[in-house]
Amino acid sequence: MADSMAVESGNYSILLSVYEKEQPAFFLKALESVLEQSVLPRQLVLVEDGLLPKELDTVIMSFSTRAAFEVTLVKLDRIYDLGTALNIGLKHCRYDFVARIDSDDINLPNRMEKQLDFLKENQTVAVVGTYIQEFYELNGNIKKLKIRKVPLTPTETARFSKKRNPMNHMSVMFRKESIVNSGGYKKMLHFEDYFLWLRVLDKGYQLANLAEVMVLARTGDKFYAKRTGWKYFCEEVSFQKTVLAHNFVSLQQFFMNVMTRGIVRLLPAGMIRLVYKLIRN
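Residues numbered from 1 in each chain as written. Predicted model: local features only at pLDDT ≥ 70, side-chain atom pairs only at ≥ 80, totals over all residues. Heavy atoms only, no water.

1. Let's talk about the side chain of Asp49
Move 1: Looking at the element boundaries, Asp49 is found in the loop between strand E2 (43-48) and helix H3 (54-66).
Move 2: Buried charged residue Asp49 carries no salt bridge. Nearest counter-charge: Arg78, at 7.3 Å.
Move 3: In this structure the side chain of Asp49 is engaged in a polar contact, spanning 2.7 Å, whose partner is the backbone nitrogen of Tyr80. (Helix = DSSP H or I, 4+ residues; strand = E, 2+ residues; numbered from the N terminus. Buried < 20%, exposed > 50% of the residue type's maximum accessible area, 1.4 Å probe, protein only. Lys, Arg positive; Asp, Glu negative; His and termini not counted. Salt bridge = Lys/Arg side-chain N within 4 Å of Asp/Glu carboxyl O. Polar contact = N/O pair within 3.5 Å; in protein donor to acceptor, adjacent residues only side chain to side chain.)

Spelled out as structure tokens, the structure:
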């Protein structure tokens, strides 16, 4: 890893949030993937969403001593929703570019470098994401699953956003100013990122994605189980109502989304897994 390259081109912050239920081993791997970036950040903003167990504190302390960049810890007095936690953390990001990572995913070594280059070369794009590949671990070995593809160009992402989330949240890098101008993250359980992208588009900014896998996203049965049931269905419908109220979609598109997205939430977890596989091909 070239330190000179990191100093020259690494003017960006990384933003993530962690809470008490995260697995320490998964969290450590996520943080270590930051240390392996070909272009290091200047700052990592870590939001501690509520009181953390000793095991997670130990991971944070160990990482902070190894990091060759500023680690900003933002300690919240209780557990908030992800949107609120990220918006608080965003206020502590000191650089123009901000990369989002999740606390249990693995970022490939050239992710940040390629996204920085893209944003510098495409001044009209406010947010750039990437493909991700789902995986799980078995006896310490990574088993790769489906690649979650997303639309690439600004025109494609804007059109796709009427139906589904056009970005893989854990893969995005954005211009902080455009996100702040769009209102930042807001409380919108399970949809805080999707709601943000719609507001970014409404402000006239552009979204784009790179046609490469840059993040390995940890998944499993719990991932699909959390996206099923009556409660999630109601949250989906509530989100669609909010989108309609902001005139982000037409009434016809609203009913289509409720039928195609909302009803899926009532399926068993196994069926949800199948649907996710089909729509991500």
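2. Description of the environment of Thr260
Move 1: If you trace the backbone, Thr260 turns up in helix H11 (residues 251-262).
Move 2: C-alpha separation for the pair Thr260 and Lys163, spaced 97 residues apart in sequence, amounts to 9.2 Å.
Move 3: Reaching out from Thr260, the side chain makes a polar contact with the backbone oxygen of Met256 at a distance of 2.8 Å.

3. A closer look at the pairing of strand E1 (residues 12-18)
Move 1: Among the 7 residues of E1, 7 are classified as buried, and the element is accordingly described as predominantly covered.
Move 2: What you see with E1 is no split at all: Tyr12, Ile14, Leu16 and Val18 on one side and Ser13, Leu15 and Ser17 on the other are buried throughout.
Move 3: The pairing of E1 with strand E4 (residues 97-100) spans 4 bridges and is parallel. Across the sheet, residue Tyr12 finds its bridge partner in E4, namely Phe97.
Move 4: Looking at chain direction, E1 and E2 are connected through 6 bridges and run parallel. Bridged to Ser13 within E2 is Gln43.
Move 5: Following the chain from E1 across helix H2 (residues 24-35) to the adjacent parallel E2, one finds a crossover that is right-handed. (Pairing = 2+ DSSP bridges. Right-handed = clockwise from strand over helix to strand, strands pointing away.)

4. Overview of the pairing of strand E9 (residues 206-218)
Move 1: Relative to E9, strand E5 (residues 106-107) runs antiparallel, the two sharing 2 bridges. When the sheet's bridge partners are listed, Ile106 is paired in E9 with Leu216.
Move 2: Relative to E9, strand E6 (residues 125-138) runs parallel, the two sharing 10 bridges. In the strand pairing of E9, Tyr131 is matched with Val213.

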